[in-house]
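Each chain is listed here by its residues.
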Amino acid sequence: MPKKAETATVASLHGFTPYKEKKGEEYMNEPQREHFKKILLAWKRELMEEVDRTVSHMKDEAANFPDPADRATQEEEFSLELRTRDRERKLIKKIDSTMERIEGDDYGFCDQCGVEIGIRRLEARPTANLCVDCKTLDEIKEKQLTGG
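Residues numbered from 1 in each chain as written. Predicted model: local features only at pLDDT ≥ 70, side-chain atom pairs only at ≥ 80, totals over all residues. Heavy atoms only, no water.

> With reference to specific residues and values, describe the overall build of the chain.
Helix and strand counts for the chain come out as 5 helices and 0 strands. Overall, the chain shows an N-to-C arrangement of helices and strands of α-α-α-α-α. Out of the 148 residues belonging to the chain, those deemed buried represent 29%. Long-range contacts, defined as pairs at least 24 residues apart, comprise 53% of the intrachain contacts of the chain with a sequence gap of at least 6. (Helix = DSSP H or I, 4+ residues; strand = E, 2+ residues; numbered from the N terminus. Buried < 20%, exposed > 50% of the residue type's maximum accessible area, 1.4 Å probe, protein only. Contact = heavy atoms within 4.5 Å.)

> Residues and numbers for the environment of Arg85, please.
Residue placement: Arg85 occurs in helix α3 (residues 68-103). For Arg85, a relative accessible area of 14% gives the class buried. Taking the C-alpha atoms as reference, Arg85 lies 6.6 Å from Val51; in sequence the two are 34 residues apart. Those residues in contact with Arg85, other than ones at most four positions away along the chain, are Glu50, Val51 and Thr54.

> Talk me through the side chain of Gln32; I want residue IDs and the actual numbers.
Considering the arrangement of structural elements, one finds Gln32 in helix α2 (residues 30-61). The exposure class of Gln32 is buried, given its relative accessible area of 1%. One polar contact links the side chain of Gln32 to the main-chain amide nitrogen of Met28, over a distance of 2.5 Å. Sequence-distant contacts of Gln32, that is, excluding residues within four places in its chain, are made with Tyr19, Glu21, Glu25, Glu26, Tyr27 and Ile119. (Polar contact = N/O pair within 3.5 Å; in protein donor to acceptor, adjacent residues only side chain to side chain.)

> Explain unusual backbone geometry residue by residue, including any values.
One non-glycine residue, Met28, adopts positive backbone phi at about 55°. Within the fold, Met28 resides in the loop between α1 (2-12) and α2. Of note in this structure, Asp105 is not a glycine but carries a positive phi near 55°. Tracing the sequence through the fold places Asp105 in the loop between α3 and α4 (119-124). Classification of Asp105 as exposed rests on a relative accessible area of 52%.

> Please provide a residue-by-residue account of the pattern of salt bridges, values included.
Under the counting rule described, the total for this entry stands at 15 salt bridges. One continuous salt-bridge network, built from bridges that share partners, spans Glu50, Arg53, Arg85 and Glu88. (Salt bridge = Lys/Arg side-chain N within 4 Å of Asp/Glu carboxyl O.)

> Outline α2, supporting the account with residue identities and numerical values.
Spacing of three or four residues puts side chains on the same side of an α-helix, whose turn is 3.6 residues. In this model, α2 (32 residues) spans 46 Å end to end at C-alpha, consistent with the 46 Å of a helix rising 1.5 Å per residue. Of the residues making up α2, those classed as buried are Gln32, Arg33, His35, Phe36, Lys37, Ile39, Leu40, Ala42, Trp43, Leu47, Thr54 and Met58. Packed against the buried residues of α2 are α3 and α4. The N-cap residue of α2 is Asn29: its side-chain oxygen and the backbone nitrogen of Gln32 are 3.0 Å apart. (Expected span 1.5 Å × (residues − 1).)

> Just give me the short version of the packing of α2 against α3, but keep the residues and values in it.
In the contact formed by α2 and α3, the axes pass within 10 Å of each other and the chain directions differ by 155°. Between α2 and α3, the angle is such that the two are roughly antiparallel. Handedness of the crossing formed by α2 with α3: left-handed. When grouped by side-chain class, the residues that make up the contact of α2 with α3 number 15 nonpolar, 4 polar and 10 charged. (Axes fitted to C-alpha atoms, helices over the stretch in contact; angles between N-to-C directions. Parallel < 35°, antiparallel > 145°, perpendicular 65-115°, else oblique. Left-handed = near helix turned anticlockwise from the far one by under 90°. Nonpolar A, V, L, I, M, F, W, Y, C, P; charged D, E, K, R; others polar.)

See the structure below:
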């Protein structure tokens, strides 16, 4: 059973093994920042490859079907792909701003309360800028405001 959980963690880190903290190690030291830079760059590279695949797929699959139903199906598929790429484009921007935070030694600390976000949370979501407690409070406030 532990093997399966370990494999899922590695897969979620884009092929990187989880960072092993050393006893007495300072939080967000140079090796840790390098670890997260590599993860973020690999993630960005994967997203950019997906963009390239989408462009070539849309060029290859673009056809003017005589049947309106076929044409509508193709347009809907393209629309879904483009929405997905738009979300990924926003994620790429977030990855870029996270890289700037790493360079500015501001990475790994909560924007609201200033505490350490934590290595494991950052490995789960490398672009996180809130600690678990602040993120939870934000989600509760959002639910209260939207009624959801």
